[in-house]
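Chain residues, written in single-letter form:
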Amino acid sequence: MKTNTRLFLTTYEADYPWLYYLLSSIEKYSSGFSGMTIVCDNDKSLIPQDTINIIKSMPLDVIYVDPPTEKPPAMKSRIGYIWQQVIKLGWWKYCDEDVCIQVDTDCMFKQPFTPDTYKDKDGKITWDYRPWKSMGNTVWLPSTLKLLGLNSLENQGMIGQTFTFTRDCTKKLVEHISKKDAELWGWDFCMDNNIEKFSEYCLYGAFIENIYKEHDYSLQFWENAGHFKRAYEHISCKHWSYDGITPEIKAEYESYLKDES
């Protein structure tokens, strides 16, 4: 039986310009999704209506949540950076589907895609990996090991621009790292455990590879990020949002939205 798959996004005021382009690319290139959910911080302004109105081809739910105002002493980064990851690991609280594809706001699609784009030839959802040793930056390794209770990890599972989560695996993951029922998942996890940082995608990838083997994923291993990129770079791209949309990025993103002559 075919499983409904939802697109799931998190955003906040500073990322609204990026969200406009991402939604434009989703509307142009996506098909086969049961709907989309956007979870947005409720502390500043609402998402511009002209941005919301871009999505016409699928049901869209926009949910505003109050962000936390207090962070644990160990957390040096801004609250919002980790808060969005807490939301992503609690995505199943905001929609009914058992599967979602998560996309960060500063990404952009360049070609048609469906839920099946991220499955193998047998119809199993794929999760991609590269060896930690192939990377120059292993900043997320210590927190991944600590939270999962592992001594070592060979592979890193945060590669690409899209990540497919299942309800079952996500709930099992948050129960594993919080030692509480999944329904209790939220910012209290960070406060109660004095969390410094973590990567939701590194945690998820390592969890299904090394701990929760009852999943139904097809795990794909790449020698390095370059090999993965050459296989998938025609579908989507990403520019980090920290420095804003430069004229060069804007021109690139708009080029993907032009109708072919």
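Residue numbers here run from 1 along each chain, matching the order of that chain's written sequence. Thresholds applied to this predicted model are a pLDDT of at least 70 for local features of residues and 80 or more for the giving and counting of side-chain atom pairs; totals over whole chains, interfaces and linings are not thresholded and use all residues. The basis for every side-chain value is the complete set of heavy atoms in the structure, and neither hydrogens nor water enter the calculation.

Student: For helix α4 (residues 141–148), give the residues involved together with the corresponding values.
Tutor: For every residue, the accessible area (1.4 Å probe, protein chains only) is compared with the maximum for its type, and the residue is labelled buried under 20%, exposed over 50%, or partly exposed between those bounds. Only runs of H or I of at least four residues qualify as helices and only runs of E of at least two qualify as strands under DSSP, and these elements are numbered from the N terminus. The buried fraction of α4 is high, at six of eight residues. Inspection of α4 places Leu141, Ser143, Thr144, Leu145, Leu147 and Leu148 among the buried residues, and these make up the whole buried set. Here, residues are in contact when the closest pair of their heavy atoms is within 4.5 Å. Contacts made by the buried residues of α4 are with α5 (167–178), α6 (188–192) and α7 (200–210). One or two residues past the end of α4 sits Gly149, with phi positive at roughly 75°.

Student: Please give an account of the pattern of salt bridges that cites residues and values.
Tutor: Basic side-chain nitrogens of Lys or Arg form a salt bridge, by our definition, when they fall within 4 Å of a carboxyl oxygen of Asp or Glu. The full count for this structure, using the stated rule, is 14 salt bridges. A salt bridge links Arg6 to Asp61; the nearest nitrogen and oxygen atoms lie 2.9 Å apart. Separated by 55 residues along the polypeptide, Arg6 in strand β1 (residues 5–11) and Asp61 in strand β3 (residues 60–65) bring together distant segments of the chain. The buried category is assigned to Arg6, whose relative accessible area is 6%. Accessibility expressed as a relative area gives 36% for Asp61, which makes it partly exposed.

Student: Pulling in residues and values, what's your account of the packing of α4 against α7?
Tutor: Taken N-terminus to C-terminus, the directions of α4 and α7 make an angle of 50°; their axes are 10 Å apart at the nearest point. Taken together, the axes of α4 and α7 lie oblique to each other. Between α4 and α7 the crossing geometry is right-handed. Here Thr144, Leu147 and Leu148 of α4 come into contact with α7, specifically with Cys202, Leu203, Ala206 and Phe207. In this count, Pro and Cys sit with the nonpolar residues alongside Ala, Val, Leu, Ile, Met, Phe, Trp and Tyr, while Asp, Glu, Lys and Arg are called charged and the others, Gly among them, polar. Residues of the contact of α4 with α7, tallied by class, amount to six nonpolar, one polar and no charged. Axis definition: a line fitted to C-alpha atoms, over the contacting stretch in the case of helices. Angles run 0 to 180 degrees between N-to-C directions. When describing relative orientation, an angle under 35 degrees is termed roughly parallel and one over 145 degrees roughly antiparallel, while 65 to 115 degrees is termed roughly perpendicular and anything else oblique. The crossing is said to be left-handed when, going from far helix to near helix, the turn is anticlockwise and less than a right angle, and right-handed when the turn is clockwise.

Student: Would you mind going over the sheet that holds strand β8 (residues 162–166) in detail, with residue names and values included?
Tutor: In space, the five strands of this open sheet follow the order β3-β2-β1-β4-β8, with mixed pairing throughout. At either end of the open sheet lies a strand with only one pairing partner, and these are β3 and β8. Geometrically, the sheet is characterised by an average inter-axis angle of 25° between neighbouring strands, direction not taken into account. Across six bridges, the pairing between strand β2 (residues 35–41) and β3 is parallel. Bridge pairing in β3 places Val39 opposite Ile63. Most of the contacts of helix α3 (residues 79–89) go to β1, to which it runs at about 160°, and overall it touches β1, β2, β3, β4 (99–103) and β8. Together, β4 and β8 form the strand contacts of α7, whose direction differs from that of β8 by roughly 55°. For two strands to be treated as a pair, DSSP must find at least two bridges joining them.

Student: Explain the sheet that holds strand β7 (residues 155–156) to me, using residue names and the numbers behind them.
Tutor: Read from one edge to the other, the open sheet built from three strands follows the order β7-β6-β9, with strand pairing classed as mixed. Each edge of the sheet is formed by a strand with only one pairing partner; in this case those strands are β7 and β9 (218–221). Pairing between strand β6 (residues 126–131) and β7: two bridges, direction antiparallel. Bridging across to β7, Arg130 finds its partner in Gln156. The sheet contacts of α7 involve β6, β7 and β9, and relative to β6 the element is tilted by about 100°.

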